[in-house]
Amino acid sequence: MGGDTGSAGVVRTRQVTVAEPPRRLRLECGDELGPITLAYETYGTLSEQRDNAILVCHALSGDAHVAGFHRKTDKRAGWWDMLIGPGKALDTDKYFVIGTNVLGGCNGSTGPASVDPATGRPHGTTLPMITIADMVNAQALLLDHLGIAKLLCVIGGSMGGMQVLQWTVSHPERVHLAVPLACAARQPTQAIAFNEVGRQAIMADPHWRGGDYYGRKRPTKGLAVARMVGHITYLSDEAMQEKFGRRLRDIHEYSFSFSADFEVESYLRHQGLSFTDRFDANSYLYITRAIDYFDIAKGGRSLADALRDVQARFLVMGFSSDWLHPPYQLKEIASALRATHKHVSYYEVDSHYGHDAFLLEREKMEGVIAAFLASGARTFTFSGGEG
Amino acid sequence: MRRLDYELIERLVPDGASVLDLGCGDGELLAELIREKHVRGSGVEISQAAVEACVAKGLSVFHGDLDEGLADHADGSFDIVILSFSLQQLRRPRLVVREMARVGRLAIVSFPNFAQYAIRWEMLTRGRMPVSKELPYQWYDTPNIHLCTVHDFRDLCREEGLRIERELYLRSFDRPAPGLRRPNLTARIAIFVVTRPA
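Conventions and cut-offs
- Residues numbered from 1 in each chain as written.
- Chains lettered and ligands numbered in written order.
- Predicted model: local features only at pLDDT ≥ 70, side-chain atom pairs only at ≥ 80, totals over all residues.
- Heavy atoms only, no water.
- Helix = DSSP H or I, 4+ residues; strand = E, 2+ residues; numbered from the N terminus.
- Rg over C-alpha atoms; globule rule 2.2 N^0.38 Å.
- Buried < 20%, exposed > 50% of the residue type's maximum accessible area, 1.4 Å probe, protein only.
- Contact = heavy atoms within 4.5 Å.
- Lys, Arg positive; Asp, Glu negative; His and termini not counted.
- Charge placed at Lys NZ, Arg CZ, Asp CG, Glu CD.
- Core = buried A, V, L, I, M, F, W, Y, C linked by side-chain atoms within 4.5 Å.
- Domains from an automatic or database assignment.
- Patch = residues over 30% accessible without salt bridge, like charges linked within 9 Å, V, L, I, M, F, W, Y side chains within 5 Å.
- Areas by Shrake-Rupley, 256 points an atom, 1.4 Å probe, with all protein chains shown as cover.
- Salt bridge = Lys/Arg side-chain N within 4 Å of Asp/Glu carboxyl O.
- Pairing = 2+ DSSP bridges.
- Right-handed = clockwise from strand over helix to strand, strands pointing away.
- Buried area = accessible area lost by both parts, 1.4 Å probe.
- Polar contact = N/O pair within 3.5 Å; in protein donor to acceptor, adjacent residues only side chain to side chain.
- Nonpolar A, V, L, I, M, F, W, Y, C, P; charged D, E, K, R; others polar.

Caption draft 1: Focus on the overall build of chain B. When helices and strands are counted, chain B shows seven helices and eight strands. Relative to the compact-globule value of 16 Å for 198 residues, chain B shows a C-alpha radius of gyration of 16 Å, a close match. With the principal axes as the frame, chain B shows a C-alpha extent of 45 × 40 × 30 Å. Split into buried and exposed, the 198 residues of chain B put 53% on the buried side. Of the contacts formed within chain B by residues at least 6 apart in sequence, a portion of 66% connects residues at least 24 apart. For chain B, the distance from the average position of its 27 positive side-chain charges to the average position of its 28 negative side-chain charges is 7 Å.

This is the structure:
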């Protein structure tokens, strides 16, 4: 990428209500949900042909604020600002980029913290269980609202990558290009195990009260511990060594106490605590559960069989030091697609940042993503009838 | 430069075939096969920059190491598997050739013939590692770690129980060699078509 890349500028989060009764959304668990509020942001301009839309799917703790700033004075940009803006990989001079908070989330979309219109009180754990497929189906309603019949591309990392896969299976005719990063076709055992530790930490917090804590003291201790555990899985041995080593925090000798002597302890405590300011504990439970339930080849099918009907062209990306979703899990997806002669490329980014690499390695990602979008855009067609 | 070796390989590929190109580089051959022969093509390439170039061409390519083998691929899952001028760069060339014949119904292998007389002559008279258009590297920075000759490759095929369907030769990348005699002495470039007998 050249030097003249810019910011998506000042943006604002909007909200739309979909699935209004009686047309409620049928969830995978069998329940129905509606009305549903979805928070979203857009960057760039939708073309007259409506053929340049890119949906960005976020990971566990993400939100609709993908790029740009909410206020001119904001210090921090959206969570994937490094890739989205004028002249960047997802070039907002060419593409219409959409970010949206998932169903079950806590940043503007319907989730456990939002008010149940039937009772006038927050859903809490009475909200039906949400799955990745439900999140994707809700996003499809958002696209309907925006008048987008078919996406040029759907892209995302981690849980966002799972949504990408689900999109190509649930709505094959609505996706031209798919870029799943740092994810798996089915949530692996070790990752379920870490999520379970996080959930147990939340549910063991006395303030959790079975999920009924709104308007009271929140289970911040439990949520902070959950985030600390999660955060470790996003880093790598090497990255932690390099960033913290065994350095002590503001002291020259051990304090011979249980306070945060080590830099890494202090960092994790800070990460945990600051997370509780912006995230709802019940959303953490719901979303991690959705991730754990994710298996694109449910029912013992082969992966190649599960992906048989996808129409999208794929760019699958793995990251060398990611031990939450190691490269072999991405290769497995790519190989399954190749087994049925789908159009698929696999690209591995050499990085020591661990799972978080997909949020950090701008220079190593932008070239191949931009190339994939540009070459893919040339082959875009609306399949029969629509648009 | 027009690559005659690519042209010869292209002629060996039937229209509409499924093709796996191992060590596909920036995808030049693969793109040509798609354009001219309408193949369903896929490549494997280890260099990050080359993979990106393939993606820019709209090709389907895997970023990976051929020496890890082709275990992900089912037997006979491609009509044709190509290894163009990469054999000599592999750590495990024998494994890769064996795998090619398993995964492809037809395997095409091209390589620089290290027994060509100019190379022999250079060794004999200069006493130094030969450097040529086909082998453009100094000994200390060459990626070519497993150079072989026409005779060597025939031996390998025999030991692996592979059938040699055709042998094609070039004097160099841009010079054909019709009716070339004693190719192990005269050809700089060899192209073998091999199959695994059922």
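Caption draft 2: Representation of the environment of A:Pro219. Residue and element names in this part refer to chain A. Here Pro-219 lies in the loop between helix H3 (189-204) and helix H4 (220-234). We classify Pro-219 as buried; its relative accessible area is 2%. As a C-alpha pair, Pro-219 and Trp-208 span eleven residues in sequence and 5.0 Å in three-dimensional space. In this view, Pro-219 contacts Ile-202, Asp-205, His-207, Trp-208, Tyr-213 and Ala-281; residues no more than four positions away in its chain are not counted.

Caption draft 3: Focus on the nonpolar core. Counting residues in each nonpolar core, the largest one holds 106 residues, and the members touching the most others are A:Ile98, A:Val154, A:Trp167, A:Phe314, B:Leu22, B:Leu83 and B:Phe153. Take this core: its biggest share by element is eight residues, from helix H1 (residues 132-146) of chain A. There are two domains that each give this core at least three residues, and those are domain 1 (14-185 + 296-377) and domain 2 (191-290) of chain A. Setting aside chain neighbours within four positions, we find A:Trp167 in contact with A:Leu55, A:Cys57, A:Val136, A:Gln139, A:Ala140, A:Leu143, A:Leu151, A:Val154, A:Pro172, A:Arg174 and A:Val175.

Caption draft 4: Summary view of the environment of A:His325. Residue and element names in this part refer to chain A. The topology assignment puts His-325 in the loop between strand E13 (313-319) and helix H9 (327-339). For His-325, a relative accessible area of 3% gives the class buried. Linking His-325 and Arg-50, residues 275 residues apart in sequence, is a C-alpha distance of 34 Å. What His-325 contacts, discounting residues up to four positions off in sequence, is Met-162, Ala-182, Cys-183, Ala-184, Gln-187, Pro-188, Leu-330 and His-355.

Caption draft 5: Summary view of a nonpolar patch on the surface. All names here are of chain B. Among the surface-exposed residues, Met-123, Met-129, Trp-139 and Tyr-140 lie close enough to one another that they form a single nonpolar patch of about 510 Å² accessible area. By secondary structure assignment, the location of Tyr-140 is in the loop between helix H5 (117-126) and helix H6 (150-160). Judged by relative accessible area, Tyr-140 falls into the exposed class, the value being 57%.

Caption draft 6: Just the pairing of strand E5 (residues 104-112) of chain B, in detail. Residue and element names in this part refer to chain B. Among the nine residues of E5, seven are classified as buried, and the element is accordingly described as predominantly covered. With six bridges connecting them, strand E4 (residues 78-84) and E5 associate as parallel partners. Residue pairing for E5: Ser-84 is matched across the bridge by Ser-110. In this fold, the crossover linking E4 to E5 by way of helix H4 (residues 93-103) has right-handed handedness.

Caption draft 7: Layout of the pattern of salt bridges. Residues and elements named next belong to chain A. This model, assessed by the stated rule, comprises 35 salt bridges over all chains. Ionic pairing is found between Asp-212 and Arg-121, a salt bridge with its closest N-O pair at 3.4 Å. Taken as a pair, Asp-212 in the loop between H3 and H4 and Arg-121 in strand E10 (residues 121-122) lie far apart in primary sequence, 91 residues in all. The partly exposed category is assigned to Asp-212, whose relative accessible area is 34%. A residue is classified by how much of its surface remains accessible, and Arg-121, at 48% relative accessible area, is partly exposed. Here Glu-332 ties to Arg-186 by a salt bridge, and the two come within 3.6 Å at their closest N and O atoms.

Caption draft 8: Representation of the interface of chain A and chain B in the model. Tallying the contact residues gives 21 residues for chain A and 22 residues for chain B. Of the roughly 1,700 Å² buried between chain A and chain B, counting both surfaces, carbon and sulfur atoms make up 52%. Of all residues in chain A, A:Arg338, A:His341 and A:Tyr347 bury the most surface against chain B, accounting for 38% of the area lost on that side. Applying the counting rule to chain A against chain B returns zero salt bridges. For the pair chain A and chain B, the interface holds 14 residue pairs in polar contact (both at pLDDT 80 or more). Elements represented by at least two residues in the side of chain A that touches chain B include exactly H9, strand E14 (344-349) and helix H10 (362-377) of chain A. Residues of the side of chain A that touches chain B, tallied by class, amount to eight nonpolar, six polar and seven charged.

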